[in-house]
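An overview of the molecular structure
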Amino acid sequence: MENESLKLRNVGNEKYGTDKDDVSGEDDYDPHLYRKVEHPTSNTETLIHLLKGCLGTGILAMPEAFKNAGMVNGLVFTFIIGALCTYCLHVLVQAQYTLCKRYRVPILTYPESMKIALESGPQCLRPYAKFSPLLVDFFLIVYQLGICCVYIVFVAKNVKAVADEYTEHDFTLTQYILMTFVPFVLINCIRNLKLLAPFSTLANIITFASFGVVCYYVFQDLPDISEVPAFGTLYTFPLFFGTTLFALEAVGVVIALENNMKTPKGFGGYCGVLNVGMVFVTVLYVGMGFIGYWKYGDLSKASITLNFPAEEFLAKSIRILYSIAIFISYGLQAYVPVEIMWKTYMLKHLEGSDRLMMWEYILRIASVIVTFVLALTIPLLGLFISLFGAFCLSALGIAFPAIMELCVKWPNDLGPGNIVLVKDILLIIFGITGLLAGSYSCISEIVQKLSAGELD
């Protein structure tokens, strides 16, 4: 490990220009002071991006999530999952920061952090270190592309719901998905994260304006709350878990945002960007799920906008406006997998090429094509949301951060009575259980619906 440490420090010195002769200890090195970001974002811009990354299609799916859990279960467990997501994000960011201090490098990616952490962890985990970056990248790419698939289906379904009121020809959902291909390609060709900030601001304005209209519909003629089931079935609870995790967890965006901040110390802390954003988002999600399920009960659809009266102008407006907001968010969500594939796997094979820009745009267009193929194959919005939440985020957002913290603190910093070890093992078990149970439930439901020809 000493040789690995020296090797990593030398890489950091060459890449970031840190002082090779500076031999100060871990406690004297602050990685944030050595970060060189080409287009750093302010705390406000970071918060805007975080809100936009979280306030996507997931919030409109919360009434259906509550339908799968029941009113009481939904209310309680959404707060629990929100707190768990926030805590695990803190664990991840802090573990990365500790590794950066330990090996004296300004920035480590999620996959790099996992590899280095495993190399210094328990002996039984060290053989898996060399495979861990590929595994983390796989989950990150699948998750972020999964979000993009959900966004495509969401936009197409809401546009179809509006257009069907005005056109005599009944276009299929597949045709509407294909009609949106070019706009999605164009938004994904914006290469600079900072340039997306104004778009994210516009999307946030549209989103919050849309919430006003959503409230207008859901607060009208609320039924007797005693008619709404308090508890769901054990079989459908994993669907609730996957949907809520998908809605609240934004691990891929969080890592990218923290690494691109002008003042990264403002990200953590009790009143930092992460806590402020996640508290606000969790309260919104609980409110949307609770009121939406109270209003529509077992008729709640994968997006609450699809429950609104199709013939009313206000309902049509909200569908179009929110579709625009989700369309804008596609650029932010697609930024993460493109960055991973480009910088980690493609760029090193294209060194010296005078057509780097062309190849990057080819990758961006290919990414859009992949998401469209998946969206066309399985256009089941609600189950899509739950599947990607359960499969990817149980690992990325819960199990992996716990593994990383365990390894970073191994063996002498595990707290009194090895409390950190016990806590992280419980988180790992919880994450794996959520992945298996949620994925099984979703895949089972998808197979049943596709076999029955149901696409809604």
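In this text, all values refer to a predicted model and were calculated from it rather than measured experimentally.

1. Considerations on the overall build of the protein chain
- What the protein chain contains, in helices and strands, is 17 helices and zero strands.
- When its C-alpha atoms are laid out on the principal axes, the protein chain stretches across 75 × 55 × 40 Å.
- Relative to all contacts within the protein chain whose residues are 6 or more apart in sequence, the contacts with residues 24 or more apart total 82%.
- Within the protein chain, the 38 negative side-chain charges are centred at a point lying 5 Å from the centre of the 31 positive side-chain charges.

2. Some details on the environment of isoleucine 398
- Positionally, isoleucine 398 belongs in helix 16 (residues 381–409).
- Along the sequence, isoleucine 398 and alanine 203 sit 195 residues apart, while their C-alpha atoms lie 28 Å from each other.

3. So, a nonpolar patch on the surface
- The grouping of Val72, Leu75, Val76, Phe77, Phe79, Ile80, Phe231, Val279 and Val283 at the surface amounts to a nonpolar patch, some 770 Å² of accessible area in total.
- Contributions of two or more residues to the nonpolar patch are made by helix 5 (71–103) and helix 13 (273–296).
- Per-element accounting of the nonpolar patch gives the leading share, six residues, to helix 5.
- Relative to the helices and strands, valine 72 resides in helix 5.

4. A closer look at the nonpolar core
- Judged by nonpolar contacts, the single largest core of 126 residues is most densely connected at Tyr110, Tyr330, Leu396 and Phe400.
- Looking at this core, the element that brings in the most residues is helix 7 (residues 132–163), giving 17 residues.
- For tyrosine 110, the residues in contact, after removing those within four places along its chain, are Leu92, Gln96, Val136, Leu140, Val251, Ile255, Leu396, Phe400, Pro401 and Met404.
- The next biggest cluster of nonpolar side chains, apart from the first, holds six residues, and it includes Leu380, Leu383, Leu387 and Ile446.

5. Notes on helix 5
- Here helix 5 spans 48 Å end to end across 33 residues, near enough to the 48 Å set by a 1.5 Å rise per residue.
- One or two steps after helix 5, the chain reaches arginine 104, where phi turns positive at roughly 55 degrees.

6. Some thoughts on unusual backbone geometry
- A cis amide bond, omega -5 degrees, links tryptophan 410 with the succeeding residue proline 411.
- By secondary structure assignment, the location of proline 411 is in the loop between helix 16 and helix 17 (419–451).
- Positive phi is not limited to glycine here, since aspartate 221 has a value of about 50 degrees.

7. Some remarks on the packing of helix 14 (residues 313–346) against helix 15 (residues 356–377)
- Look at helix 14 against helix 15: their axes get within 10 Å of each other, and the N-to-C directions meet at 125 degrees. By the angle between their directions, the pair helix 14 and helix 15 is classed as oblique. The element helix 14 and its partner helix 15 pack so that their crossing is right-handed. Contacts between helix 14 and helix 15 pair Tyr330, Val338, Met341, Trp342 and Met346 from the former with Leu356, Trp359, Glu360, Leu363, Arg364, Ser367, Val368 and Thr371 from the latter.

8. Considering the pattern of salt bridges
- Counting across every chain of the model gives seven salt bridges.
- Note that glutamate 119 and lysine 115 form a salt bridge whose closest N and O atoms lie 2.8 Å from each other. Here glutamate 119 pairs with lysine 115, and both are found in helix 6 (residues 110–119), just four residues apart, close to one helical turn.
- Overall, glutamate 119 belongs to the buried group, its relative accessible area being 16%.
- Note on lysine 115: relative accessible area 27%, which makes it partly exposed.
- Two residues, aspartate 413 and lysine 409, come together in a salt bridge whose shortest N-O distance is 3.7 Å.
- The exposure class of lysine 409 is partly exposed, given its relative accessible area of 24%.
- Each of Glu405, Lys423 and Asp424 takes part in salt bridges that share partners, so that together they form one network.

9. A look at the confidence of the model for the protein chain
- Considering every residue of the protein chain, the mean pLDDT works out to 82; 92% of them sit at 70 or more.
- A low-confidence stretch, residues 1–6 stays under pLDDT 50, and its non-local contacts, those more than four residues away or across chains, total five contacts.
- Contacts of residues 9–25 to residues separated by more than four positions or lying in other chains number 19 contacts, the stretch itself having pLDDT below 50.

10. Here's the deal with the side chain of glutamate 445
- Examined against the element boundaries, glutamate 445 turns out to sit in helix 17.
- Other than its neighbours up to four places away in sequence, glutamate 445 contacts Tyr235, Leu239 and Leu383.

11. Details of the environment of arginine 364
- With respect to the helices, strands and loops of the structure, arginine 364 is situated in helix 15.
- By relative accessible area, which is 1% here, arginine 364 ends up buried.
- Arginine 364 sits 176 residues away from asparagine 188 along the chain, and the two C-alpha atoms are 6.4 Å apart.
- Apart from residues lying up to four places away in sequence, arginine 364 is in contact with Asn188, Cys189, Ile190, Arg191 and Val338.

12. Overview of the packing of aromatic side chains
- Summed over all chains, the structure comprises 16 aromatic pairs.
- A ring pair is formed by phenylalanine 66 and phenylalanine 240, whose centres lie 6.5 Å apart and whose planes are at 80 degrees; its orientation type is edge-to-face. With a gap of 174 residues between them, phenylalanine 66 in helix 4 (residues 62–69) and phenylalanine 240 in helix 11 (residues 237–248) connect regions that are remote in the sequence.
- Residue phenylalanine 240 is classed as buried on the basis of its relative accessible area of 0%.
- Each residue in the set Phe181, Phe184, Phe327, Tyr330 and Phe372 is aromatic and connected to the rest through ring pairs, giving one cluster.
- The ring of tyrosine 296 carries the charged tip of lysine 295 above its face, separated from the ring centre by 5.9 Å.

Rules used in this analysis
Residues numbered from 1 in each chain as written. Predicted model: local features only at pLDDT ≥ 70, side-chain atom pairs only at ≥ 80, totals over all residues. Heavy atoms only, no water. Helix = DSSP H or I, 4+ residues; strand = E, 2+ residues; numbered from the N terminus. Contact = heavy atoms within 4.5 Å. Lys, Arg positive; Asp, Glu negative; His and termini not counted. Charge placed at Lys NZ, Arg CZ, Asp CG, Glu CD. Patch = residues over 30% accessible without salt bridge, like charges linked within 9 Å, V, L, I, M, F, W, Y side chains within 5 Å. Areas by Shrake-Rupley, 256 points an atom, 1.4 Å probe, with all protein chains shown as cover. Salt bridge = Lys/Arg side-chain N within 4 Å of Asp/Glu carboxyl O. Core = buried A, V, L, I, M, F, W, Y, C linked by side-chain atoms within 4.5 Å. Buried < 20%, exposed > 50% of the residue type's maximum accessible area, 1.4 Å probe, protein only. Expected span 1.5 Å × (residues − 1). Axes fitted to C-alpha atoms, helices over the stretch in contact; angles between N-to-C directions. Parallel < 35°, antiparallel > 145°, perpendicular 65-115°, else oblique. Left-handed = near helix turned anticlockwise from the far one by under 90°. pLDDT = per-residue confidence, 0-100. Phe/Tyr/Trp six-rings, centres within 6.5 Å; stacked < 30°, edge-to-face > 60°. Lys NZ or Arg CZ within 6 Å of the ring centre and 35° of its normal.

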